[in-house]
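# Structural features, examined
Residues per chain, in single letters:
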Amino acid sequence: SGGALAGDSLVTLVDSGLQVPIKELVGKSGFAVWALNEATMQLEKAIVSNAFSTGIKPLFTLTTRLGRKIRATGNHKFLTINGWKRLDELTPKEHLALPRNSGSDIYWDEIVSITYSGEEEVFDLTVPGLHNFVANNIIVHN
């Protein structure tokens with residue numbers, strides 16, 4: 001599997017503009033999220049086919065220079081300038097793709113820290129086609 005996120009990770013729903021904790025989306029499908037089209041480097045509307053728990057796993061908190069934070073498993077992938085990399089392969093000073101204004105293009109923000117933050121239930125979404133989505137205003141792989 002492609003890793004997973006803490007239950008309080010906020011997923012932006014395109015149609016309402018609301019940010020909803022990923023754990024509240026479990027069992028739902030057919031809703032639209034923002035996803036990056038890597039061919040155009042633009043954000044597009046993408047339909048989620050599944051939202052699910054992947055059990056209890058260790059989590060790490062990744063923090064960026066702009067103060068964006070996300071708690072994810074070590075095998076969850078983030079988009080760097082050098083392509084998708086697992087969180088446990090990332091180091092401070094590397095740059096991650098973030099959505100610019102949650103619906104146009106992206107910009108690159110620097111990682112300032114990655115710290116262990118305990119074990120808890122974790123969640124993921126399946127986004128067919130583009131295979132990524134925006135959570136906590138960071139682009140994450142699905």
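Attention here is on the structure that accompanies the text. This structure is a prediction, so every number in the text was calculated from the model and none was measured. (Residues numbered from 1 in each chain as written. Predicted model: local features only at pLDDT ≥ 70, side-chain atom pairs only at ≥ 80, totals over all residues. Heavy atoms only, no water.)

### Considerations on the overall build of the protein chain
Check the secondary structure of the protein chain and you find zero helices and 13 strands. Order of helices (α) and strands (β) in the protein chain, N terminus to C terminus: β-β-β-β-β-β-β-β-β-β-β-β-β. In terms of overall size, the protein chain behaves like a compact globule, its C-alpha atoms giving a radius of gyration of 14 Å where 142 residues would be expected to give roughly 14 Å. Considered along the principal axes of its C-alpha atoms, the protein chain spans approximately 35 × 35 × 25 Å. The buried share of the protein chain, taken over its 142 residues, is 47%. If you sum the accessible surface of the protein chain, you get close to 6,400 Å²; carbon and sulfur atoms cover 51% of it. (Helix = DSSP H or I, 4+ residues; strand = E, 2+ residues; numbered from the N terminus. Rg over C-alpha atoms; globule rule 2.2 N^0.38 Å. Buried < 20%, exposed > 50% of the residue type's maximum accessible area, 1.4 Å probe, protein only. Areas by Shrake-Rupley, 256 points an atom, 1.4 Å probe, with all protein chains shown as cover.)

### Comments concerning the environment of Val-20
Mapped onto the secondary structure, Val-20 falls in strand E3 (residues 19-21). With a relative accessible area of 13%, Val-20 lands in the buried category. The sequence separation of Val-20 and Ser-49 amounts to 29 residues, and the corresponding C-alpha distance is 16 Å. Those residues within four positions of Val-20 in sequence are excluded, and the remaining contacts are Ser-9, Leu-10, Val-11, Leu-13 and Leu-25. (Contact = heavy atoms within 4.5 Å.)

### Here we look at the pairing of strand E9 (residues 83-86)
As defined by bridge partners, strand E8 (residues 77-80) adjoins E9 across four bridges and the pair is classed as antiparallel. Note that in E9 the partner of Thr-80 across the bridge is Gly-83. In sequence, E8 turns back onto E9 through a hairpin of two residues. (Pairing = 2+ DSSP bridges.)

### Some points on unusual backbone geometry
Even without a glycine there, the phi angle at Met-41 is positive, about 55 degrees. One non-glycine residue, Asn-136, lies in the positive phi region at around 50 degrees. Along the chain, Asn-136 falls in the loop between strand E12 (132-135) and strand E13 (138-141).

### Structural notes on the packing of aromatic side chains
What the rule picks out here adds up to one aromatic pair. On the numbers, 5.6 Å between centres and 65 degrees between planes, the contact of Phe-60 with Tyr-116 is edge-to-face. (Phe/Tyr/Trp six-rings, centres within 6.5 Å; stacked < 30°, edge-to-face > 60°.)

### Looking at the environment of Glu-119
Checked against the element boundaries, Glu-119 lands in strand E11 (residues 106-126). Not counting residues up to four positions away in its chain, the partners in contact with Glu-119 are Ile-56, Lys-57 and Pro-58.

### A word on the pattern of salt bridges
Counted according to the given criterion, the structure contains eight salt bridges. Between Asp-105 and Arg-100 there is a salt bridge whose closest N-O contact spans 3.0 Å. Of the residues examined, Asp-105 reaches a relative accessible area of 26% and is grouped as partly exposed. Within this structure, Asp-8, Arg-71 and Glu-120 form a network of salt bridges that share partners. (Salt bridge = Lys/Arg side-chain N within 4 Å of Asp/Glu carboxyl O.)

### A look at the pairing of E11
A regular strand carries its side chains on alternate faces of the sheet. Bridge count for strand E1 (residues 5-6) against E11 is two bridges, and the pairing is antiparallel. Residue pairing across strands places Ala-6 opposite Val-122, the latter belonging to E11. With 13 bridges connecting them, strand E6 (residues 50-64) and E11 associate as antiparallel partners. Residue Phe-60 lies in a different strand from E11, and its bridge partner there is Tyr-116. Examined bridge by bridge, strand E10 (residues 95-99) and E11 share five bridges and lie antiparallel to one another. Bridging across to E11, His-95 finds its partner in Glu-110.

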